[in-house]
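So you can see what is in the structure, the chains are spelled out below.
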Amino acid sequence: MRLLYTTILSLLFVPLLSAQSLNTEIISQALLEKMADSPHGNYSVNILLADQVDMTALDLELREQRASAKQRATTVITALQEKAALTQGRILDFLKIAPGVDQSSIRSYWVANAFVATVDADVVTILSNNPEIAWIGLNADRLMIEETEDVLLPPVVQPNGIEPGLVAIKAPALWAMGYTGYGQLSMTSDTGVDPTHPALANQYYGHYVPAEETWYEVFGNLAPTGNYTPYDRDDHGTHVTGTTLGLDRMENDTIGVAFNAKWIGALTLGSIGTADNIGAFQWSLNPDGDVNTADDMPDVINNSWWDPSLNGSDCSSVYVSIFDALETAGIAVIFSAGNNGPDPMTITQPKNIILNEVNVFTVGSLNGNQPNLPIANSSSRGPSHCPADSSLVIKPEVSAPGVSVRSAVPNNQYDLKSGTSMAAPHVSGAILLLKEAFPDLPGKDLKLALYHSCTDLGVPGEDNTFGMGIIDVLAAFNYLVDQGHTPVSPHRANDVMLVKVFDTPFYCSNAINPTIIAENAGTDTLFSFKVFYKAGNTQTNYEWVGMLPPRERVTVTLPSMSVAPGEYELSVGLAEPNGVADERPLNNNFNNKVTVTSRPTFEAIVEGPNNTACQNTSALLRGILPESLEGSGAIMDIDWYDSPFDGSLYGTGEVFNTPNIFTDVTFYADVSYTVPVGPVDDKFGSSGQLDTSDVGLKFEVFNNLTLEKVYIIAEETGLIIVTLTNLDDGSTETDVTLNSTTGKRPLQLGWDLVPGRYQLVVTNSKALAYNKDGAQYPYQIADFLSITGTTDGLGNNGVYYFFYDWEITFSEPCGRTPVAVSVGPVGSLPVAEFAASTDSVDIHDNEVIFFANTSTNATEWFWNFGDGNTSNEENPSHQYAAPGEYTVSLTAMSQDSCTSGATAKILVTDDFISAVRPIPAFENILVYPNPAQDNISIFLDLPYFQSVSLRLSDNTGRIWKQAKHAAGSDAVLEMDLTGLPGGIYFLLVEMDQGSSVWKVVKL
């Protein structure tokens, strides 16, 4: 075998057999250091061939031809692939037979005519002496340029908001012209992107092309993951993408520069193993695999990473060929400068590379919230270490806003971040705006326009702090016009845009009937358009007819489409505005996964006969807990609206007394549930105390929910660190609590969870209670969550770790429930009123509550005691069988069958077990004065500092006052009653120890 190997080597590399020493001239410094530290190890390396396509000459040729974007892409890709096919064979043959090569690691690339392989020192030595090879460097994990989390309250959606950084770069001036990035494509090479965020969902290119053309994810094993659904392993990539093109269309909250552009992404940071960064760049040139197309190729690639395997003097790495090829193909590659300032020469690699005055295009960070636009102290400074003319070594090229930038983060949230990572996407968005105006110009020309039109800052002229200054996209537009380029018109006559699809994750019947919002984005009034929607193999269409002026919106509920229960991708698209082809079809589609299920759903009823009410009377509506949640201890919170989506809020509570009704009307119940899961405490099996060491519980989430809190039982006080890990994507959440008391106490988490597999572990704590046996998995709430076992690898043999009495919240997955009320004739109107013998009892007293009917003009009565029991007696009595807070309702009916309703709360407690709403000991809480006039005081003596919620409602369930406070021992909270009508109210005080309801009399 050795003889055969030597024979093949002699045929392939005759000149190399006598060369035994390592040629250090073409080896990167990082690889040399790695080999010195581990001379007998194996190294993942990049191998760059010497024979490269002359991109400078090719670019000149394409410019002389006035090549289109398609011609550029086809020519460059073809040249690169042909060069690789002609020159890679000998090296590849060697790698395939050399004993010091991991065969599974070999990967070849045409974007740079290079290889990646894991090899030993002997192979590196042989390769280093091969004249066909120009450079060999270490292939290591790329690192994210760390941003700074601002120490401020997390920001929220801002209706009609425009971020200051967008104003600072003059983006609104191009919006006013009509340029918003439509038709352009951005690629985020980062930690990923959340495709469900309301500011990014519409802009996801996957609504128009197959998913594999929108997402690149290859890890160190060099095998595709098979996952083509974008996600974010951190939150960095989502934030970056939001600044490039984010817009929440429903709130008109603009966080992105080019908000009508589309995005694709590559997971190159925060991955498991070394991400295939070179492969991501190669994929960007041809995502659809067709060299004859160009619309799949991004116009800009935003990068916020650096390569630690290179040092500042590595100026001839594999990235040189990559950046040269991408620029010649027409792509603008944008890099953040790094956050290693304020010292000079701190621009991180590979953006220290200099190919021309705008390649590599590096962005510094300044404060766009201040009028003098100061540079951020952390922003990396130039000059570059790489040799070049004195003007070219100046870095960064430009600057942009990067301090306290509000943008999107996963789970529909927003955050403020600072760093050059926040500055670079301002430039990427500016490229997209200019590309829409000048679609035939390649990325280099657009970068040059931004570069030469900056507003100078700092010392006069280009400098190593600001570069050329802050970008000005309006000045760049004018610069290109002055250069003789004619912008295309952004206006289109017939353009219908899909703004929103109200598609619930569940359809709880065999019918899918989404509601959409469409906007006339053209200049002509719309009189018709078509809607196409599809789930599985079932498709239907609907034609809207009406009148829709420019920039106006219309809400359309589509006819039902019948499908069998199952999981589907629901696709909705708009077409043919005014019967002609849509002039801008890249804002018309939306796809989302939905489930059709036959699960028992929430229902609501109209108390009284036949769901009717007489004219000018109110109706009493009551929500009924779904069968799937019966016996779970779930508590419903119901908001009553006048519309299936958005609309006006009429009232809250399990029972709702409507306003007076004059015609048939439908109300919509928007329901959320608070549900306990898992054992309440460790009073099962045999229990003990354990000093924790990264153990806990595994669980699965099946639909979106919030893990509000869990309880632990501590033997000692001290620090508790709890970590949640999403086992599907590796993302984590951490809660750090200083436990000041022993015994059972809550950990307030408030973590929003999406479907997937999770584990919850304690990573640092004093001894906590756990169960050695007796656990019976799974502990679950159907369709939502299942606690499946432990993380210790010992199986589910009855052990239960630490986390008791979980509290989860989730919204009714089937959306708002309609409750139709029919209006009958005018008749004699009753007035429903009643009194209860008490408003609170303890379950162990076996007390019967007597209800006195004081209604007037009523001949029939219907009582609902809130626990599933009813009565038609005039003055009934009732005994409750379980603790809880119940809403008792009385529907009184006159001889004309007209009705009136009244409600009251009954609190049933349990002195011996935890009730649904237990009342703390009297000495811990006191409400005074009572009766009161202008205000009441709430005295609390709590064992530790915590959140306290107050809610004041009347006997119909209407909430008059509510507030949240932080309180500890000997706290006094105030509630202003000024302006409230006189009468009886109920004050609900909620805290970690439980809840207390106080009757308050307002004079």
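Residues numbered from 1 in each chain as written. Predicted model: local features only at pLDDT ≥ 70, side-chain atom pairs only at ≥ 80, totals over all residues. Heavy atoms only, no water.

### Concerning the overall build of the protein
Across its full length, the protein carries 14 helices and 63 strands. What you see for the protein is a C-alpha radius of gyration of 33 Å, in line with the 30 Å of a compact globule of 1003 residues. When the backbone C-alpha atoms are referred to their principal axes, the protein occupies close to 105 × 70 × 60 Å. By the burial criterion, 55% of the 1003 residues in the protein qualify as buried. For the protein, restricting intrachain contacts to residue pairs at least 6 apart in sequence, the fraction spanning at least 24 positions comes to 75%. Per element, the accessible surface of the protein, about 39900 Å² overall, is 50% carbon and sulfur. Considering the protein, the positive charge centre built from 50 side chains and the negative charge centre built from 117 side chains are found 5 Å apart. (Helix = DSSP H or I, 4+ residues; strand = E, 2+ residues; numbered from the N terminus. Rg over C-alpha atoms; globule rule 2.2 N^0.38 Å. Buried < 20%, exposed > 50% of the residue type's maximum accessible area, 1.4 Å probe, protein only. Contact = heavy atoms within 4.5 Å. Areas by Shrake-Rupley, 256 points an atom, 1.4 Å probe, with all protein chains shown as cover. Lys, Arg positive; Asp, Glu negative; His and termini not counted. Charge placed at Lys NZ, Arg CZ, Asp CG, Glu CD.)

### Side note on the environment of Ser648
Relative to the helices and strands, Ser648 resides in the loop between strand 32 (635-641) and strand 33 (649-652). Under the relative-accessibility criterion, Ser648 is labelled partly exposed at 41%. Between the C-alpha atom of Ser648 and that of Arg816, which follows or precedes it by 168 residues, the distance is 13 Å. Not counting chain neighbours up to four residues away, the residues in contact with Ser648 comprise Trp640, Tyr641 and Asp642.

### Focus on the packing of helix 13 (residues 443-452) against helix 14 (residues 473-482)
Between helix 13 and helix 14, the shortest axis-to-axis distance is 8 Å and the interhelical angle comes to 115°. When you trace helix 13 past helix 14, the crossing you get is right-handed. Facing Asp445, Leu446, Leu448, Ala449, Leu450 and His452 of helix 13, the residues of helix 14 in contact are Val473, Ala476, Tyr479 and Leu480. For the contact of helix 13 with helix 14, the class distribution of residues is 8 nonpolar, 1 polar and 1 charged. (Axes fitted to C-alpha atoms, helices over the stretch in contact; angles between N-to-C directions. Left-handed = near helix turned anticlockwise from the far one by under 90°. Nonpolar A, V, L, I, M, F, W, Y, C, P; charged D, E, K, R; others polar.)

### Overview of the side chain of Thr180
Assignment of secondary structure puts Thr180 in the loop between helix 8 (171-177) and strand 7 (185-190). If we ignore the near neighbours within four places in the chain, the residues touching Thr180 are Trp175, Ala258, Phe259, Asn260, Ala261, Leu433 and Glu436.

### Some points on the sheet that holds strand 56 (residues 899-909)
Across the sheet, 5 strands lie side by side as 50-56-55-52-53; this open sheet has mixed pairing. One side of each edge strand has no neighbouring strand; the edge strands of this open sheet are strand 50 (840-842) and strand 53 (870-871). (Pairing = 2+ DSSP bridges.)

### Here's the deal with the environment of Asn660
Mapped onto the elements of the fold, Asn660 is located in the loop between strand 34 (655-657) and strand 35 (665-677). For Asn660, a relative accessible area of 43% gives the class partly exposed. Considered as a pair, Asn660 and Ala261 are 399 residues apart in the sequence and their alpha carbons are 48 Å apart. Excluding anything up to four places from it in sequence, Asn660 contacts Asn616, Thr617 and Ser618. Within the structure, Asn660 has its side chain in polar contact with the side chain of Asn616 (distance 3.4 Å). Only 3.4 Å separates the side chain of Asn660 from the backbone nitrogen of Ser618, close enough to count as a polar contact. (Polar contact = N/O pair within 3.5 Å; in protein donor to acceptor, adjacent residues only side chain to side chain.)

### Remarks on the nonpolar core
The biggest cluster of nonpolar side chains holds 62 residues, and the ones touching the most others in it are Phe699, Ile787, Tyr800, Phe803 and Trp806. Excluding residues that lie within four positions of it along the chain, Ile787 makes contacts with Val677, Gly678, Leu697, Lys698, Phe699, Tyr777, Pro778, Tyr779, Tyr800 and Trp806. Counting residues in each nonpolar core, the second largest holds 56 residues, with Leu373, Val398, Leu433 and Phe438 among its members. (Core = buried A, V, L, I, M, F, W, Y, C linked by side-chain atoms within 4.5 Å.)

### Considerations on a nonpolar patch on the surface
Together, Leu719, Val736 and Leu738 make up a nonpolar patch on the protein surface, roughly 300 Å² of accessible area in all. Note that Leu719 resides in strand 39 (residues 718-726). (Patch = residues over 30% accessible without salt bridge, like charges linked within 9 Å, V, L, I, M, F, W, Y side chains within 5 Å. Salt bridge = Lys/Arg side-chain N within 4 Å of Asp/Glu carboxyl O.)

### Structural notes on the state of the cysteines
Disulfides are covalent bonds that link the sulfur atoms of two cysteine residues. As enumerated under the stated definition, the model contains 2 disulfides in all. Residue Cys315 pairs covalently with Cys386 via a disulfide, S to S 2.0 Å. Because the sign of the S-S torsion sets the handedness, a value of about -95° for the bond joining Cys315 and Cys386 places this disulfide among the left-handed ones. One end of the pair, Cys315, is in the loop between strand 13 (305-306) and helix 11 (318-329); the other, Cys386, is in the loop between strand 15 (361-366) and strand 16 (398-401), with 71 residues separating them in the sequence. (Disulfide = S-S within 2.5 Å.)

### Details of the pairing of strand 12 (residues 300-303)
Covered by surrounding structure in strand 12 are Val300 and Asn302 together with Ile301 and Asn303, the residues of both alternating faces. Pairing geometry for strand 7 and strand 12, over 4 bridges, is parallel. Bridge pairing in strand 12 links Ser186 to Val300. Pairing of strand 12 with strand 14 (residues 332-336) involves 4 bridges; the strand directions are parallel.

### Things to note about the sheet that holds strand 3 (residues 114-120)
The 4 strands lie next to each other as 2-3-1-4, forming an open sheet whose pairing is antiparallel. Every interior strand has two partners, whereas the edge strands, strand 2 (101-109) and strand 4 (133-138), have only one. Adjacent strand axes in the sheet meet at a mean angle of 25°, parallel and antiparallel pairs treated alike. Where strand 1 (residues 42-49) meets strand 4, 5 bridges bridge the pair, whose relative direction is antiparallel. Across the sheet, the residue bridging to Val45 is Leu138, located in strand 4.

### Quick word on the packing of aromatic side chains
Applying the stated criterion across every chain, the model contains 34 aromatic pairs. For the pair Tyr777 and Tyr779, a centre-to-centre distance of 5.6 Å together with 80° between the ring planes defines the contact as edge-to-face. Both residues of the pair, Tyr777 and Tyr779, belong to the buried class. Taking 5.7 Å as the distance between ring centres and 45° as the angle between the ring planes, the aromatic pair formed by Phe851 and Trp863 counts as tilted. (Phe/Tyr/Trp six-rings, centres within 6.5 Å; stacked < 30°, edge-to-face > 60°.)

### Re the pattern of salt bridges
In the structure shown here, the tally under the stated rule is 23 salt bridges. For the salt bridge of Arg816 with Asp670, the shortest nitrogen-to-oxygen distance reads 3.1 Å. Of the two residues, Arg816 is situated in the loop between strand 47 (804-811) and strand 48 (817-824) and Asp670 in strand 35; the sequence distance between them amounts to 146 residues. Residue Arg816 is classed as buried on the basis of its relative accessible area of 19%. Judged by its relative accessible area of 26%, Asp670 falls in the partly exposed class.

### Points about the confidence of the model for the protein
Of the residues in the protein, 91% have a pLDDT of 70 or more, and the chain-wide mean is 87. A low-confidence stretch, residues 1-19 stays under pLDDT 50, and its non-local contacts, those more than four residues away or across chains, total 23 contacts. Here residues 912-923 is a poorly scored stretch, pLDDT under 50, and it has 27 contacts once near neighbours within four places are set aside; other chains count. (pLDDT = per-residue confidence, 0-100.)

### Considerations on unusual backbone geometry
Note that the residue after Gly382, namely Pro383, is joined by a cis bond; omega there is 5°. Residue position: Pro383 is located in the loop between strand 15 and strand 16. The omega torsion of the bond from Lys395 to Pro396 falls at -5°, within 30 degrees of zero and hence cis. If you trace the backbone, Pro396 turns up in the loop between strand 15 and strand 16. You will see that Asn252, though not glycine, has its phi angle at about 55°, which is positive. Inspection of the secondary structure puts Asn252 in the loop between strand 9 (247-248) and strand 10 (253-254). The phi dihedral of Asn846 is positive, around 50°, even though this residue is not glycine. With respect to the helices and strands, Asn846 occurs in the loop between strand 50 and strand 51 (849-853). Among the residues examined, Asn846 registers a relative accessible area of 53% and is labelled exposed.

### Concerning the packing of helix 12 (residues 420-437) against helix 14
Across the interface, helix 12 lies against helix 14 with an axial gap of 10 Å and an inter-helix angle of 35°. Here helix 12 and helix 14 pass one another in a crossing that is right-handed. Packed against helix 12, whose contacting residues are Ala430, Leu433, Leu434 and Ala437, the element helix 14 presents Val473, Ala476, Phe477 and Leu480 at the interface. Broken down by class, the residue content of the contact of helix 12 with helix 14 amounts to 8 nonpolar, no polar and no charged.

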